[in-house]
Amino acid sequence: MNDKQWEEYMEEVKSKLPVNQQLKDELRQSLIKQRGRRGFRYWKPVSLVSALLAVVIFSMVWLGSPSVQKIEASSLHFNQSFSLLEQLGEEISSGIAEYKGVIYVPMQEKGLYKYDHKSYSKLIDGNITFTRVSPDGTKLVYVQDGSLYLFYIKNNSSELLLEKASADEPLSAPAWSEAGTHILFARAGEVAEISLKAKTVNPIAEGAYPAYLDGRKKVIFERDGQIIERVLSSGNEQVRTSGKYPAVSPDGSYIAFIQTDEAAQMEDVWIADSDWQTRKQVSRNQMSDAWDRKTGEMIEGKQQPKYTFEEPVWSSDSDRLMLYKVFHTNVVWKKLTQFSVSEKPASPEEVVAGSIEALIYRDEDFAHSFFSYDPGYLKGTSPRQVGYRILRSGMENGKRYVDAETYLSYQDPYYQIDTTRYLLSETDRGYLIDEMVEISSQAVQLSAEGVELITDDGAGEKLFALPSIPSEEGWNNGEVHSLVYMTETRTLYFTMDRKQGDRYKLMLFKYERDSGKFEELIELGAEQHSSLMIADPGQTYIAVEMEVNGRNDVVVYDAEKRSLTTMSEHVLGEQPLELHTRFWKEGELTYYAAMDNRDVFFRYKPMSK
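What counts and what doesn't
Residues numbered from 1 in each chain as written. Predicted model: local features only at pLDDT ≥ 70, side-chain atom pairs only at ≥ 80, totals over all residues. Heavy atoms only, no water. Helix = DSSP H or I, 4+ residues; strand = E, 2+ residues; numbered from the N terminus. Buried < 20%, exposed > 50% of the residue type's maximum accessible area, 1.4 Å probe, protein only. Contact = heavy atoms within 4.5 Å. Areas by Shrake-Rupley, 256 points an atom, 1.4 Å probe, with all protein chains shown as cover. Pairing = 2+ DSSP bridges. Axes fitted to C-alpha atoms, helices over the stretch in contact; angles between N-to-C directions. Phe/Tyr/Trp six-rings, centres within 6.5 Å; stacked < 30°, edge-to-face > 60°. Lys NZ or Arg CZ within 6 Å of the ring centre and 35° of its normal. Core = buried A, V, L, I, M, F, W, Y, C linked by side-chain atoms within 4.5 Å. Salt bridge = Lys/Arg side-chain N within 4 Å of Asp/Glu carboxyl O. Expected span 1.5 Å × (residues − 1).

### Here we look at the overall build of the protein
Of regular secondary structure, the protein possesses five helices and 44 strands. Burial status across the protein gives 49% buried among its 609 residues. Put simply, of all contacts in the protein between residues at least 6 apart along the chain, 42% involve residues at least 24 apart. Summing over all exposed atoms, the protein offers an accessible surface of approximately 30,100 Å²; the carbon and sulfur share of this is 46%.

### Regarding the sheet that holds strand β17 (residues 237-242)
The four strands lie next to each other as β14-β15-β16-β17, forming an open sheet whose pairing is antiparallel. Edge positions in the sheet fall to β14 (208-213) and β17, since each has one partner strand and no second. Between one strand axis and the next, the sheet turns by 25° as a mean value, whatever way the strands run. Note that strand β15 (residues 218-223) and strand β16 (residues 226-231) share six bridges and pair antiparallel.

### Observations regarding the environment of P250
Here P250 shows up in the loop between β18 (244-248) and β19 (254-261). For the pair formed by P250 and D317, sequence separation is 67 residues and the distance between their alpha carbons is 7.0 Å. Sequence-distant contacts of P250, defined by excluding residues within four places in its chain, comprise W314, S315, S316 and S318.

### Observations regarding the packing of aromatic side chains
Under the criterion given, the structure shown has 27 aromatic pairs. Where F257 meets W276, the ring centres are 5.6 Å apart and the plane angle is 45°; that geometry is what we call tilted. Of this pair, F257 sits in strand β19 while W276 is found in the loop between β20 (266-273) and β21 (279-281), placing the two residues 19 residues apart along the sequence. In this pair, the class of F257 matches that of W276, namely buried. A connected cluster of aromatic rings, assembled from ring pairs, spans Y113, Y115, Y120, Y591 and F602. When the ring centre of Y324 is taken as reference, the NZ or CZ atom of K334 above it lies at 4.3 Å. For K505, the ring lying beneath its charged end belongs to W475, and the centroid distance is 4.3 Å.

### A look at the environment of S119
Positionally, S119 belongs in strand β5 (residues 119-124). By relative accessible area, which is 11% here, S119 ends up buried. As for S119 and V571, which are separated by 452 residues in sequence, their C-alpha atoms are 5.6 Å apart. Ignoring any residue separated from it by four or fewer positions in sequence, one finds S119 in contact with K114, L572 and F602.

### Describing the sheet that holds strand β37 (residues 530-535)
Spatially, β37-β38-β39-β40 is the arrangement adopted by the four strands of the open sheet, whose pairing is antiparallel. Here the strands that pair on one side only, and so sit at the sheet edges, are β37 and β40 (563-566). Ignoring which end each strand starts from, the neighbouring axes of this sheet average 25° apart. Strand direction decides the pairing type here: strand β39 (residues 551-558) and β40, joined by four bridges, are antiparallel. Note on β40: the bridge partner recorded for Y557 is L564.

### Things to note about the nonpolar core
The biggest cluster of nonpolar side chains holds 88 residues, and the ones touching the most others in it are L492, F494, V556, L589 and F602. It is helix α4 (residues 348-360) that contributes the most residues to this core, seven residues altogether. Discounting chain neighbours no more than four positions away, the residues touching L589 are I534, A543, V554, V556, M567, F583, W584, F602, R603 and Y604. By size, the runner-up hydrophobic cluster in this structure holds 35 residues, among which are L76, F78, L148 and L162.

### Some remarks on the environment of A593
If you trace the backbone, A593 turns up in strand β43 (residues 588-594). A relative accessible area of 0% means that A593 is categorised as buried. Not counting chain neighbours up to four residues away, the residues in contact with A593 comprise P576, E578, L579, R598, D599, V600 and F602.

### Thoughts on the pattern of salt bridges
A pair can form between side chains of opposite charge whenever their charged atoms are brought close. Scanning the entire structure with this criterion turns up 27 salt bridges. In this structure, the salt-bridge partner of E405 is R389, at a minimum N-O distance of 3.5 Å. In this pair, E405 is assigned in strand β28 (residues 399-409) and R389 in strand β27 (residues 384-396), connecting sequence segments 16 residues apart. Relative accessible area serves as the criterion here: at 6%, E405 is assigned to the buried category. Via salt bridges that share partners, R392, E396, D403 and R421 belong to a single interconnected network.

### What about α4?
With 13 residues, α4 extends 19 Å between its outermost C-alpha atoms, agreeing within 8% with the 18 Å of an ideal straight helix rising 1.5 Å per residue. Buried within α4 are the following residues: P348, V351, V352, A353, G354, S355, I356, E357, A358, L359 and I360. Next to the buried residues of α4 lie α5 (364-368), β27, β28, β29 (414-427), β30 (430-447) and β42 (578-585). One or two positions beyond α4, positive phi appears at R362, with a value near 70°.

### Considering the side chain of S253
Within the fold, S253 resides in the loop between β18 and β19. With relative accessibility at 11%, the residue S253 sits in the buried group. Other than its neighbours up to four places away in sequence, S253 contacts K70, A272, D273 and S274.

### A word on unusual backbone geometry
At the junction of S382 and P383, the peptide bond is cis and its omega measures out at 5° in the coordinates. For P383, the position within the fold is in the loop between α5 and β27. Positive phi outside glycine occurs at N397, with the angle close to 55°. Its identity is not glycine, yet N549 carries a phi of approximately 55°, on the positive side.

Geometric descriptors of this kind do not, in isolation, establish any biological role.
And the structure:
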């Protein structure tokens, strides 16, 4: 190791040293007090640091690191989970990165965006295709027009790190070292490394999509359909497996990669231990109808893999894996997919809840991942799934079951409640749904007679006549627009407009089926109608889609405070074109905003008390 490499290594070691601030302050005060004493001798700062480093290096080399118990990859469980960044339509981002809940989204020709559960804002303009976050979360390295740049998050400023040599040699796939002192990247079929301090570039090997492994001792990358591990000090290389897109988890425990089943020519996502002792398949690709990419026509009698995969990236806490699924039909399009990583498999209740949530999010492919068979088309349109409630679970004839209510609605005054029994079995992939059995179905709807409840046998029960709805002096009752029926309390919520000359106002009502009493809850605004309404299971909050100031918006009613909150006022950063509800879960509302370049999901948790 030459002097320059030793200096860089020492910088990396120093950056990893834990700092005990209390001890540091006590030592400083002790030195100050004793400097005035006759005969006191103290080390120079350089000598003190050198001694400390010597102790640390001795401990690291001879004593080894403290033993940390790690779960083997083969024992992990992977559950596809909804990402709030997921699109309702085609995904247009690439090379995303995450740090402590904040996702950085590069979009070609549009720029780099920052996203969390409350805001979506542009950081940088330009043609940005890839980004990664430094280990301490303070900087981004990103690719713009084939060159590498650094972005300082606190100062909101950028600087050129390394310019591409030519248009034919763009730089790509940068990856940070554990200490944040070096960055790997690929260029013209070669993996190279740049030192942030010296700005020197060192070629490493032929390959692409690199990542550091075991600190900076090793580098892993893809080359000719194989995943290669290279020891930097010796240059020794080892082929670990076939595959592409190796991605090392931030805690250094696992490597995600894409591998092709040669027999079926079908890609899937895998995770291996960083020492390659065990591995496990994450995704479950399948065959689907084949398409002619030139003509865009389906090829009768032939099949192809349903999708391919691109660019896996870990969350900063190493408990989620995000990547792109690419669909090859009459057009090629992709979607962002997220897998949660857990030591325990999902429970039967969580599996059923996940399948319904996938339908609420309008993701048919995601919903099918919870089934052991092809359940056919599940996603409703008019009405569509807007909520659910797990009723009970247990064993039936030696088989697990979960009973759940699913709620369906749409912009017309209609609300449907389907009760279903889900039968599940335990597999090597965890619990999967084997069968769905309908228990009952009922719907609340508007008729010429008023609002009525229709049961699955076709019988109808009038809940109330329209003239029985309380009126207000000087105003005429208009039409009923949105309905929500809560089976547990036999309570109906609905909206109705009132008119006075050319003026309108939209009212929210509550009707108790057992007592037959109405309650006028609140005026929602000076609008004529609402389009969709959903209530949280605890009936503390109700979200209503309606027009506000000429834009489709979401208004949330708080039953305890008897107050309203407009969701567009809570969206920070880019201003939405319109907003829509999605569903309530544990008192938290998921809704989405249509931006100029994508649909962005947000979460809102009201604080009643």
